[in-house]
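These are the residues of each chain, in order.
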Amino acid sequence: MKKILIIQTAFIGDVILSTPVIEKLTQEYPECRIDFLLRKGNENLLEGHPKISNLYILDKKNHKFRNVSGMIRKLRKTRYDRVINLQRFFTTGLITLFLKADFRAGFRKNPLSFFYNRKVSHEIGNGEHEISRNLRVIEDLVENSLIRPSIYPSKEDNHRVEFYKKGRYICIAPTSVWYTKQFPAEKWLELLNNLPEHINIYLLGAPDDYDACQNIALQSPHNNTTNLAGLLSLKQTAALMKDAEMNYVNDSAPLHLASAMNAHITAVFCSTVPRFGFYPVSDQSKIVETNVDLNCRPCGLHGYDACPLGHFKCAYTIDIEQLLA
């Protein structure tokens, strides 16, 4: 039996977009054992995953050096046939280096990639999807054809959101870690003002997003706008998004949760652009961005805490009709 470790200790969206690697490997090698290493806080995404044998959780915030050392000792107890590092930074390169693996693969951008047996480029901006970039790391093992991510909500997850699925509903994830990736609250309110009054509206987000979502809910023209930010786990959120008539999202983690459920998506891109490779891959998805030619866009890969030029035209010049079309 082949023993394979996949490493992705970045953010929620990065973990979701690494799941096609799991799917491809298990399709090609159904008897293989797959373990996965991710950062603390993201474990709910892969807990109970039917194709993962062991889930390892790394705390990168508290006592990082001690935790990394302990994780290396723990992982070294298994002699992996292959370690697939999908992270591009030093810490995971160090973990990969010190494991007893017969074969190491990852991205050339990792500063310790010179120890890898296989390393591939990671170029952002040419339109290649991040899923395809990840699959190129294992292209010597499987065919690199774009497939959707996969998240597996449990029976309990589905039961938790069953109440909210009564009747027609739309989900809106209005926030983002980065301000310039976030469609402004007044624009979301403009959208709400144009949605049918009889449809249920659910605002989604993390616990830290509760206040921002509550501000929108309080100003919403609809009495049936419900703030669920911080009340659902990641997999419960995905389960709710699955059957929504539409999921309105930013270029952020909820976009990829919806893609993993093949849910309907309208994705709003403000300061970032789809050609970075993080666009939706659902069967029914739409990308919305400004029609104004702005020489300042994109201003960065991840976004900023404020518009560098102070006008945020990449968001404010988006017409709500584009979201409703």
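The structure this text deals with has already been given above.
Scope of this entry: the structure provided in the associated data block. No experiment lies behind these values; they were computed from the predicted model shown.

Rules and cut-offs
- Residues numbered from 1 in each chain as written.
- Predicted model: local features only at pLDDT ≥ 70, side-chain atom pairs only at ≥ 80, totals over all residues.
- Heavy atoms only, no water.
- Helix = DSSP H or I, 4+ residues; strand = E, 2+ residues; numbered from the N terminus.
- Rg over C-alpha atoms; globule rule 2.2 N^0.38 Å.
- Buried < 20%, exposed > 50% of the residue type's maximum accessible area, 1.4 Å probe, protein only.
- Contact = heavy atoms within 4.5 Å.
- Areas by Shrake-Rupley, 256 points an atom, 1.4 Å probe, with all protein chains shown as cover.
- Lys, Arg positive; Asp, Glu negative; His and termini not counted.
- Charge placed at Lys NZ, Arg CZ, Asp CG, Glu CD.
- Phe/Tyr/Trp six-rings, centres within 6.5 Å; stacked < 30°, edge-to-face > 60°.
- Lys NZ or Arg CZ within 6 Å of the ring centre and 35° of its normal.
- Pairing = 2+ DSSP bridges.
- Axes fitted to C-alpha atoms, helices over the stretch in contact; angles between N-to-C directions.
- Polar contact = N/O pair within 3.5 Å; in protein donor to acceptor, adjacent residues only side chain to side chain.
- Salt bridge = Lys/Arg side-chain N within 4 Å of Asp/Glu carboxyl O.

**As for the overall build of the chain**
Okay, so step 1: Along its length, the chain carries 12 helices and 12 strands.
Okay, so step 2: A globule of 325 residues ought to have a C-alpha radius of gyration of about 20 Å, and the chain, at 20 Å, matches this closely.
Okay, so step 3: Overall size of the chain, expressed as C-alpha extent along the three principal axes, is 60 × 45 × 40 Å.
Okay, so step 4: Counting the 325 residues in the chain, one finds 55% classified as buried.
Okay, so step 5: Summarising the internal contacts of the chain: among those between residues at least 6 apart in sequence, 60% fall at separations of at least 24.
Okay, so step 6: Counting every atom, the chain has about 14,600 Å² of accessible surface; 49% of that belongs to carbon and sulfur.
Okay, so step 7: If you average the places of the 40 positive and of the 34 negative side-chain charges in the chain, the two averages end up 9 Å apart.

**Re the packing of aromatic side chains**
Okay, so step 1: Tallied over the full model, the rule gives seven aromatic pairs.
Okay, so step 2: Seen in terms of ring centroids, Tyr179 and Phe312 are 5.0 Å apart; in terms of plane orientation they differ by 35°. Their pairing is tilted. Here Tyr179, found in the loop between β7 (169-173) and α7 (185-192), pairs with Phe312, found in the loop between β12 (285-288) and α11 (313-316); they are 133 residues apart in sequence, far enough to count as distant.
Okay, so step 3: Residue Phe312 is classed as buried on the basis of its relative accessible area, which comes to 3%.
Okay, so step 4: Where Phe312 meets Tyr316, the ring centres are 5.9 Å apart and the plane angle is 90°; that geometry is what we call edge-to-face.
Okay, so step 5: Here Tyr316 falls in the partly exposed class, since its relative accessible area comes to 35%.
Okay, so step 6: An aromatic cluster of at least three residues, connected via ring pairs, comprises Phe163, Tyr164, Tyr169 and Tyr202.
Okay, so step 7: The ring centre of Phe278 lies 5.4 Å from the NZ or CZ of Arg133, which sits over that ring.

**Looking at the sheet that holds strand β2 (residues 33-39)**
Okay, so step 1: An order of β3-β2-β1-β4-β5-β6 is seen for the six strands of this open sheet, with the pairing classed as parallel. Edge strands, defined here as strands with exactly one partner in the open sheet, are β3 (54-58) and β6 (118-120). Ignoring strand direction, the axes of neighbouring strands in this sheet form an average angle of 15°.
Okay, so step 2: Alignment of strand β4 (residues 82-85) against strand β5 (residues 104-107), held across three bridges, turns out to be parallel. Of the residues in β5, the one forming a bridge with Ile84 is Ala105.

**Examining the pairing of β7**
Okay, so step 1: With five of its five residues buried, β7 lies for the most part within the structure.
Okay, so step 2: Two elements, β7 and strand β8 (residues 200-203), share four bridges in a ladder whose sense is parallel. Counterpart to Ile170 in the pairing with β8 is Ile201.
Okay, so step 3: Of the strand pairs in this sheet, β7 and strand β10 (residues 246-250) are connected by four bridges, and their pairing is parallel. By the bridge assignment, Ile170 is partnered in β10 with Met246.

**What about the side chain of Asn134?**
Okay, so step 1: With respect to the secondary-structure elements, Asn134 resides in helix α5 (residues 130-136).
Okay, so step 2: Taking relative accessible area as the criterion, Asn134 reaches 1% and is therefore assigned buried.
Okay, so step 3: Among the polar contacts made by the side chain of Asn134, one reaches the main-chain carbonyl oxygen of Leu17 at a distance of 3.0 Å.

**Brief notes about the environment of Glu186**
Okay, so step 1: Note that Glu186 resides in helix α7.
Okay, so step 2: Overall, Glu186 belongs to the partly exposed group, its relative accessible area being 43%.
Okay, so step 3: When the C-alpha positions of Glu186 and Ile216 are compared, they lie 8.2 Å apart, and in sequence the two are 30 residues distant.
Okay, so step 4: A polar contact of 2.7 Å, which involves the side chain of Glu186, links it to the side chain of Tyr316.

**With respect to the sheet that holds β10**
Okay, so step 1: Spatially, the six strands line up as an open sheet ordered β9-β8-β7-β10-β11-β12, and their pairing is parallel. Of all strands in the sheet, those with a lone pairing partner are β9 (225-227) and β12, marking the two edges. In this sheet, neighbouring strand axes are inclined to one another by 20° on average, regardless of whether the strands run parallel or antiparallel.
Okay, so step 2: Contacts from helix α8 (residues 210-219) reach β8 and β9 within the one sheet, and its direction differs from that of β9 by about 165°.

**Considerations on the pattern of salt bridges**
Here the idea is simple: oppositely charged side chains can pair when their charged atoms come close.
Okay, so step 1: Counted according to the given criterion, the structure contains 17 salt bridges.
Okay, so step 2: Linking Lys51 and Glu23 is a salt bridge whose minimum nitrogen-to-oxygen distance equals 2.5 Å. Residue Lys51 is found in the loop between β2 and β3, and its partner Glu23 is found in helix α2 (residues 19-28); the two are separated by 28 residues along the sequence.
Okay, so step 3: Note that Arg118 is salt-bridged to Glu139, the shortest N-O span being 4.0 Å. Of the two residues, Arg118 is situated in strand β6 and Glu139 in the loop between α5 and α6 (155-161); the sequence distance between them amounts to 21 residues.
Okay, so step 4: Residues joined by salt bridges that share partners form a network here, namely Arg82, Arg118, Glu139 and Asp140.

That's the geometry; what it means functionally is another story.
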